[in-house]
There are 2 protein chains.
Amino acid sequence: MSRLLQSYAGGHWFTATDAGTALLNAVDSSEVARISSTGLDIAGMVDYARTVGGPALATLTFHERAAALKALGLALMSGKDEFYELSVKTGATKRDSAIDIDGGIGTVLSYASKAKRELPNDTIILDGDVERLGKQGTFLGQHIYTSRRGVAVQINAFNFPVWGFLEKLAPAFLAGVPSIVKPASQTAYLTELVFRRIIESGLLPEGSVQLLAGSAQDLLDHLGGQDSVAFTGSAATAALLRAHPSVLNEGVHFTAEADSLNASILGADAAPGTPEFDLYVKQLVTEMTAKAGQKCTAIRRALVPVDRVDDVISAVSERLSRVVVGNPEMEGVTMGALASTDQRDEVLESVRKLCKSADIVYGSLDISSEAGAFMSPVLLRAKDSRAPEVHEVEAFGPVSTVIGYSGTAEAIELAALGKGSLVASVVTKDSALARDIVLGIAPYHGRILVLNSDDAKESTGHGSPLPVLVHGGPGRAGGGEELGGIRGVLHHMQRTAVQATPEILTAVGNRWYPGTARTVTDVHPFRKNLAELRIGDTIVGGPRKVTRADIQHFAEFTGDTFYAHTDPEAAAANPLFGGIVAHGYLVVSLAAGLFVDPAPGPVLANFGVDNLRFLTPVKADDSLTVTLTAKSITPRTSANYGEVRWDAVVTNQNDEVAASYDVLTLVAKPESE
Amino acid sequence: MSRLLQSYAGGHWFTATDAGTALLNAVDSSEVARISSTGLDIAGMVDYARTVGGPALATLTFHERAAALKALGLALMSGKDEFYELSVKTGATKRDSAIDIDGGIGTVLSYASKAKRELPNDTIILDGDVERLGKQGTFLGQHIYTSRRGVAVQINAFNFPVWGFLEKLAPAFLAGVPSIVKPASQTAYLTELVFRRIIESGLLPEGSVQLLAGSAQDLLDHLGGQDSVAFTGSAATAALLRAHPSVLNEGVHFTAEADSLNASILGADAAPGTPEFDLYVKQLVTEMTAKAGQKCTAIRRALVPVDRVDDVISAVSERLSRVVVGNPEMEGVTMGALASTDQRDEVLESVRKLCKSADIVYGSLDISSEAGAFMSPVLLRAKDSRAPEVHEVEAFGPVSTVIGYSGTAEAIELAALGKGSLVASVVTKDSALARDIVLGIAPYHGRILVLNSDDAKESTGHGSPLPVLVHGGPGRAGGGEELGGIRGVLHHMQRTAVQATPEILTAVGNRWYPGTARTVTDVHPFRKNLAELRIGDTIVGGPRKVTRADIQHFAEFTGDTFYAHTDPEAAAANPLFGGIVAHGYLVVSLAAGLFVDPAPGPVLANFGVDNLRFLTPVKADDSLTVTLTAKSITPRTSANYGEVRWDAVVTNQNDEVAASYDVLTLVAKPESE
């Protein structure tokens, strides 16, 4: 008997108390492993996540979590060979395994890098600008995101045992929410191996990840309003989970990513002989055969102009005829097995349903006598563009249907008949056509790829979700949203509007808000290193008078002789100025002269300026004062400096604001650090 | 017999074919109106919204929709007296009516103004930054939001017949999604009146709003993945709707805003005698009595330090003793009737349940012999801080329970026992305490108010959702999110990741993306008015050499003598520069000199700069070239100019980017416009 897969629960590897169910090799139907969760303390796992994993994650900032993910990604990448070896048993070719394994680890690394660049080195995230809720400025509103205090349950599909689990895990981990990973049984042996390496690495805090191999049993019964379930799989199972009392009554956050009838639209301009026609054909064949078509993002509906249907079918058939189906370990094989013979039988059954309204034009339903889950790619041609089956029945294998359309409006309508898809592609070189189709079908899609000869080289393809772009789709596609960079992190956090005084918002948000007392000390804040500097530290510089001569000189020196700075008569006619005004750039240049501390010190550089607005025109002989206040301090985890954002306000002699902006500087840590 | 309320469906007022059900005056139980939807073509309403309302809205930009909302808000405000008159029959005092009527209309106006300021004058919204998906820059990703092609069904609660309907309508309308408004029967006569004035105004496009008075019948059966249902009401009804097959299987977007057991926490610092203690007591009484406590945001749980329980009870009781309950039309009355006697009986029943674990310390369950739905405010004292009833049973009337806590951690724990609430308030002057409590309870709340003597004057109060802040909460509060400014608009739109060449993204997004061909013409783009200017119009200026003397002079002139610009030895030691560099402000000042066209023309002013980053240091004798390209063009609807955002890139002689930023200008429309 083969090995019984283990769960990782409550800090220990757990072996089920019964023999479990056999998991079969897709290539030869031999037994790979067994699986069972009998005897597993499911409630204990939920409790462990909440009481051990959550609190452990809460002690880490986003940057620290990102560093852990980066280390993990690098560790997994360096040991990926054994994952590839085992992956063959799922029926995957090397190319298929790359999508799953490198794709999954790459997602972890992408999240690590996104979080470091786009999130604060903190445990909460500020959402949007502050809202002034009263005229005096004593009452402000700020939206914040905080980590949910529950567990993220991740129920994955069989087709991507590595990517599917890592793409859900990484955003939850960054959000500070512990995960319980439940792989689909069929390919759980590969998930278990990767998971084992994660635990062995010791890189993730105890309790932050647990593995549930086998039936989820009563897992959902233990969840509540701080927990979430992210499900990938069939629409039918999604509906079942959505109807669970915990979801209906307890506020469990439920999202689904379901297979959908994704369309690929051939633009009217892409006639045979154009590079776009070839790209269309090539992409369709790739999507049919990669993972033997077992991708929720694969092209199921090939929408082509009616007068191009024959051309497309013949070109696709020609290409399909070169596909070699077989054991992925054999030389020359380009399409492997489906995940199991059961799975294959389901696909064949779906093709039979499709045949009610479509004819097979390439391939057949005959299966070889081999023990493995092999089948030929099957291309169909719709008898009628609007026949329900072709827009509703999904054959989750190497199967697509060519459907003719007449005109852009019909192409959009047909795409929408899928009732919501994960992705669509449009192959065209025509920008106006691309715009019409994209805007027409966008409400029905989570992602749209526009492919042509200009981006083909760099295109990541119709079927590839990317960590930086959202993955998911409305309606039939499940209505969920995953990935999308930081968007995927926020899905695990609660958005809360906080109404308070500036002082209290500053304390809550670790960011200085206008209205909070400024700290003016004897020491210039530019002389303080990152450890010494405090939010609210302020330098006031000025006043400095701006003379007509200054303006004139600046115009000559820089060449910016815009009439509002140089021609009194013309400037007087300007509806906004009514006379000569100083250059905005002169105002901020002089302001820097007023706040800069010249000698070498911890401030290394001014690397940028944000949100600069010129509010009151500066006229000749106005006197400028600048107030610069440390607004946020972000130490870098892996450098001997950090970023400091300063609030800058330039006022004139009447206390009117001439300019407001953020100054961005790099400031050194103490030398000892 | 009283008047039968009408529905507005398919462009006509509809009268039910039966006599309907009587709606009673809350004050004296006399009949106000009757209600029924018998005979109404519900499927026809959905179809009308999709085929007439949606397409009509799609022809308007966000700014045009905002203008319509503004006009509507002003029209309703000017005719609000009749709404106040009718509102009395719901049992509302003048103050209660203001929350509902002025609050509702104010929300419409707030949305109009937010949309004009924060949304583009377009029909799609770009979400986040562009993602470079390949090294060459030929393949980019951009998230966009487009309007759903369905209908927004809004099922409102009885307590706010005006605000409840307008706060859901305004964001949907702005999003370009037509609404079907279904008021709670009990107070539908007031909704119907306001709705009638909206239709009469002719300000909203045909089909963009419909009214369903009476039973919703099989409305949900007709909905799909492009439709949404926003429900406000009880958790039980929310669960029922969430289990509807259209929601479970068809991807209908469902959000709920349910009553919750909102807490108000008295800080340990707020001892009797402090202004905060008084604010706490006053706010609690306000929340108990406004709308006779029939607010989903009212305070149900008063969490106070155990040693302050007696003080709070006695101060609150003293204040409650001054409340005058009665017919809101009578002089001196400060608390009106509940919505109906049935409603009051439900509240009394809930108080009896609460009495299992709490004692009544003010008020009683006795009801007067009057016909109206009156009752006394009731204050309870929990026998045990963790008794389940006080955290679970909601009496939707003038009822609150005082619960003692020991220490900050317990206050947070007790607040969380509500299992998710719309709002909590914390009354404290202590910033550190406020931070601990806010971050501790945020995951369980949609909104948190921190009240003290500094913001009390401007505070809008515990119970008031604001259009600019999110309203909704996790778990028991329904898990939904409404309002929050533009966030509430986005909830009605689909987010889609678009992957394409820069050229095609520029066409889709109406915004220039780097990599798209620039248009350099003989005419300087600053000489083109808003109608002549095209996205992609470009001016290239330079080269200009920056000499050591320029840097020295700029340092002296501006006073910015930072060592990296003035001291060769010290500058050489700077880890980022390794030698004298030009001021960043000098670089952008010179760049302006290279691209500005001096003579008067359509460009009125440079009003700001965004996202300025200094990327490659500029050294002495470097030659700078600037490329300025029109990136987006936003005509203002109500001014003779608009905003133009320019992409600015400054490069050195080696084509390295010295600085990149956006220049913001105001540009005039053609004189004839």
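Treat the numbers as computed from the prediction; the structure is a model and nothing was measured.

Visitor: I'd like a rundown of the relation of the copies chain A and chain B, residues and numbers included.
Guide: With an RMSD of 0.1 Å, the fit of chain A onto chain B corresponds to turning through 180° and sliding 0.0 Å along the axis. Interpreted geometrically, this transformation is the action of a two-fold axis. By C-alpha distance to the rotation axis, the residue of chain A lying nearest is A:Asp610, at 2.6 Å. Most of the interface of chain A is mirrored in chain B, where 100% of its interface residues again form contacts.

Visitor: Any details on the layout of surface pockets? Residues and values, ideally.
Guide: Residue and element names in this part refer to chain B. Volume-wise, the second largest pocket comes out at about 880 Å³. Around the second largest pocket, the lining is made up of 39 residues, and of these Phe231, Gly233, Ser234, Thr237 and Asp259 lie nearest the centre. Contributions of two or more residues to the lining of the second largest pocket are made by strand E10 (228-233), helix H7 (235-242) and helix H11 (341-354). Here the lining of the second largest pocket takes 5 residues from H11, the largest share from any one element. The residue inventory of the lining of the second largest pocket, partitioned by class, reads 16 nonpolar, 14 polar and 9 charged. Composition of the lining of the second largest pocket by domain shows at least three residues from each of domain 1 (7-120 + 153-216 + 229-234) and domain 2 (262-460).

Visitor: Talk me through the nonpolar core; I want residue IDs and the actual numbers.
Guide: General note: in soluble globular proteins, nonpolar side chains tend to be found buried as a group. Counting 90 residues, the largest nonpolar core has A:Phe595, A:Tyr661, B:Phe595 and B:Tyr661 as the members making the most contacts within it. The residues contacting A:Tyr661, other than those within four sequence positions of it, are A:Val588, A:Ala591, A:Phe595, A:Val609, A:Asp610, A:Asn611, A:Leu612, A:Trp646, A:Asp647, A:Ala648, A:Val650 and B:Tyr585. Counting 81 residues, the second-largest nonpolar core is a separate cluster that includes A:Tyr280, A:Met375, B:Phe139 and B:Val498.

Visitor: Please set out helix H11 (residues 341-354) of chain A residue by residue, giving values where relevant.
Guide: Residue and element names in this part refer to chain A. In a regular helix each residue adds 1.5 Å, so 14 residues correspond to 20 Å; H11 covers 20 Å between its end C-alpha atoms and thus fits that length. Gln343, Arg344, Val347, Leu348, Ser350, Val351 and Leu354 are the residues of H11 that are buried. When H11 is viewed along its axis, its buried side chains cluster within an angular range of 160° and face the same direction. In H11, the exposed positions that point more than 90 degrees away from the buried face belong to Asp342 and Glu346. Taken together, the buried residues of H11 touch strand E14 (358-362), strand E15 (378-382), helix H12 (388-392) and strand E16 (399-405).

Visitor: Can you break down the pairing of strand E27 (residues 657-668) of chain B residue by residue, with the values?
Guide: Residues and elements named next belong to chain B. Of all 12 residues in E27, 10 are buried, a share of seventy percent or more. Bridge count between strand E24 (residues 603-614) and E27: 8 bridges; the pairing is antiparallel. If you follow Phe614 over to E27, its bridge partner there is Ala659. Here strand E26 (residues 641-651) pairs with E27 via 11 bridges, running antiparallel. From the neighbouring strand, Trp646 faces E27, where its bridge partner is Val663.

Visitor: Describe the pattern of salt bridges, naming the residues involved and giving the relevant values.
Guide: Evaluation of the coordinates by the stated rule reveals 66 salt bridges over all chains. We note a salt bridge from B:Arg495 to B:Asp127, for which the minimum N-O separation is 3.0 Å. Here the residue B:Arg495 occupies a position in strand E21 (residues 493-500), and B:Asp127 occupies one in strand E5 (residues 125-132), the gap between them amounting to 368 residues. With relative accessibility at 13%, the residue B:Arg495 sits in the buried group. Across the pair B:Asp345 and B:Arg344 runs a salt bridge whose closest N-O atoms are separated by 3.7 Å. Taking relative accessible area as the criterion, B:Asp345 reaches 39% and is therefore assigned partly exposed. Residue B:Arg344 is classed as buried on the basis of its relative accessible area, which comes to 6%. Among the ionic contacts, a cluster of salt bridges with common partners joins A:Asp610, A:Lys631, A:Arg645, A:Asp662 and B:Arg613.

Cut-offs applied
- Residues numbered from 1 in each chain as written.
- Chains lettered and ligands numbered in written order.
- Predicted model: local features only at pLDDT ≥ 70, side-chain atom pairs only at ≥ 80, totals over all residues.
- Heavy atoms only, no water.
- Least-squares fit on C-alpha atoms with pLDDT ≥ 70 in both.
- Contact = heavy atoms within 4.5 Å.
- 1 Å grid on protein atoms, 1.4 Å probe; cavity = no way out; pocket = protein on both sides within 12 Å on 5 of 7 lines; lining within 4 Å.
- Points joined across faces, edges and corners; volume = space filled by probe spheres on them.
- Helix = DSSP H or I, 4+ residues; strand = E, 2+ residues; numbered from the N terminus.
- Nonpolar A, V, L, I, M, F, W, Y, C, P; charged D, E, K, R; others polar.
- Domains from an automatic or database assignment.
- Core = buried A, V, L, I, M, F, W, Y, C linked by side-chain atoms within 4.5 Å.
- Buried < 20%, exposed > 50% of the residue type's maximum accessible area, 1.4 Å probe, protein only.
- Expected span 1.5 Å × (residues − 1).
- Arc of directions from axis to C-beta.
- Pairing = 2+ DSSP bridges.
- Salt bridge = Lys/Arg side-chain N within 4 Å of Asp/Glu carboxyl O.

In short, the description is geometric, and any link to function would need to be established separately.
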